[in-house]
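Here is how the chains run, residue by residue.
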Amino acid sequence: MHIVSLAGGIGGARFLRGLRATEPDATITVIGNTGDDITLFGLRVCPDLDTVMYTLGNGIDEEQGWGRAKESHVVKEELAAYGMEPQWFGLGDRDFATHIVRSQMLAAGYPLSQITEALCARWQPGVRLLPMSDDRCETHVVIEDEHGKRAIHFQEWWVRLRASVPAQSFALVGADTAKPAPGVLEAIEQADVVILPPSNPVVSIGTILQIPGIRDALTPKTVVGVSPIIGGAPVRGMADACLTAIGVETTAQAVLELYGSDLIDGWLVAEEDEGVALDGVRVVARPILMHDAETAADIARTALDLALELAR
């Protein structure tokens, strides 16, 4: 069986770990969001790709859900002592090594997809991890504050401001000319089913869907999504701030309508959201909060079973 999944950061990575555990013999291709990518201190940082790679490779800091386990921050402290900015984005010493390798390979002319494959050779995540595109795409956020109306990188809005300044809009810079990374469209074409984890529907899954050709490739496939909203609140993170910025309510119903019945065939929601409905979509209500690895696997199993049933 060939499964394709689109994924963002922490929630997506933990769901994928459950999916891999419940279907260990399947071929799983993960298309990762790169809209969060940023260059810091001359190094290219790919937060979502790394979170998936570290989580599935047993190298993640389990408590915070991102970054490396048993991390230290000597380099960050030394950079701060020199007055280097930004100081609001905390890279750990072990994590720096990943970004150094990636940046050196980029400078040598390797595309991001090949670099990601090389990095995964160390971590052995048990899935094929592909960036959504080899082309540089970055999510920027339009805000208005004491400095006036301006666009800032998504990471500054998300990490430094903690989404405290309302976003007026999002722009995926570079998306209009970007192409899916090699292997992305082929993996979708070969997929028996496609699973959308409970990742951010605007700046994770939504970003991947903006790359020309990806949504069109997904449309004829059997796609099941897991709602990132439970009882009107995000499962984690600040998806509500992102949804508000694009004029969408923070509900499982509204996110389903955002994706649309042309994309989604099955939709897994929490028991609190029973009653969600959309013509052409099978909606199943059950507990979907990932408390641990066991519940993540259970939720992934339910999503996969629903997808396989709909694909018949």
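Summary of the structure given here. (Residues numbered from 1 in each chain as written. Predicted model: local features only at pLDDT ≥ 70, side-chain atom pairs only at ≥ 80, totals over all residues. Heavy atoms only, no water.)

### Some words on the overall build of the chain
Link 1 in the chain: On a plain count of helices and strands, the chain comes out with 12 helices and 14 strands.
Link 2 in the chain: Its C-alpha atoms give the chain a radius of gyration of 19 Å, near enough to 20 Å, the size a compact globule of 312 residues would have.
Link 3 in the chain: Projected onto the principal axes, the alpha-carbon positions of the chain cover approximately 60 × 45 × 40 Å.
Link 4 in the chain: The 312 residues of the chain split such that 54% are buried.
Link 5 in the chain: For the chain, contacts bridging at least 24 residues in sequence account for 69% of all contacts bridging at least 6. (Helix = DSSP H or I, 4+ residues; strand = E, 2+ residues; numbered from the N terminus. Rg over C-alpha atoms; globule rule 2.2 N^0.38 Å. Buried < 20%, exposed > 50% of the residue type's maximum accessible area, 1.4 Å probe, protein only. Contact = heavy atoms within 4.5 Å.)

### Some words on the sheet that holds strand 13 (residues 266-269)
Link 1 in the chain: Taken in spatial order, the 7 strands make up an open sheet running 5-2-1-9-10-13-14, and their pairing is parallel. Two strands lie at the open edges of the sheet, namely strand 5 (128-131) and strand 14 (282-285), each paired on one side alone. Each strand of the sheet is rotated relative to its neighbour by a mean of 20°, with strand direction disregarded.
Link 2 in the chain: Across 4 bridges, the pairing between strand 2 (residues 27-32) and strand 5 is parallel. In the strand pairing of strand 5, Ile 31 is matched with Leu 130.
Link 3 in the chain: The sheet contacts of helix 2 (residues 47-56) involve strand 2 and strand 5, and relative to strand 5 the element is tilted by about 175°. (Pairing = 2+ DSSP bridges. Axes fitted to C-alpha atoms, helices over the stretch in contact; angles between N-to-C directions.)

### Let's talk about helix 5 (residues 112-123)
Link 1 in the chain: Over its 12 residues, helix 5 runs 16 Å from end to end, which matches the ideal 16 Å to within 8%, given 1.5 Å per residue.
Link 2 in the chain: Regarding helix 5, the residues found buried are Leu 112, Ser 113, Ile 115, Thr 116, Leu 119, Cys 120 and Trp 123. Taken end-on, helix 5 shows its buried residues confined to a sector of 155°, consistent with a single buried face.
Link 3 in the chain: Residues of helix 5 that are buried make contact with helix 2, helix 4 (93-107) and strand 5.
Link 4 in the chain: At the C-terminal side of helix 5, Gln 124 shows a positive phi close to 50°. (Expected span 1.5 Å × (residues − 1). Arc of directions from axis to C-beta.)

### With respect to the packing of helix 1 (residues 10-22) against helix 12 (residues 293-311)
Link 1 in the chain: Remark: helix 1 packs on helix 12, axes separated minimally by 7 Å, with the N-to-C direction vectors making an angle of 70°. Here helix 1 lies roughly perpendicular to helix 12, going by the angle between them. Each of Arg 14, Phe 15, Gly 18, Leu 19 and Thr 22 in helix 1 lies in contact with helix 12, whose residues at this interface are Ala 296, Ala 297, Ile 299, Ala 300, Arg 301, Ala 303 and Leu 304.
Link 2 in the chain: Partitioning the contact of helix 1 with helix 12 into residue classes produces 8 nonpolar, 2 polar and 2 charged. (Parallel < 35°, antiparallel > 145°, perpendicular 65-115°, else oblique. Nonpolar A, V, L, I, M, F, W, Y, C, P; charged D, E, K, R; others polar.)

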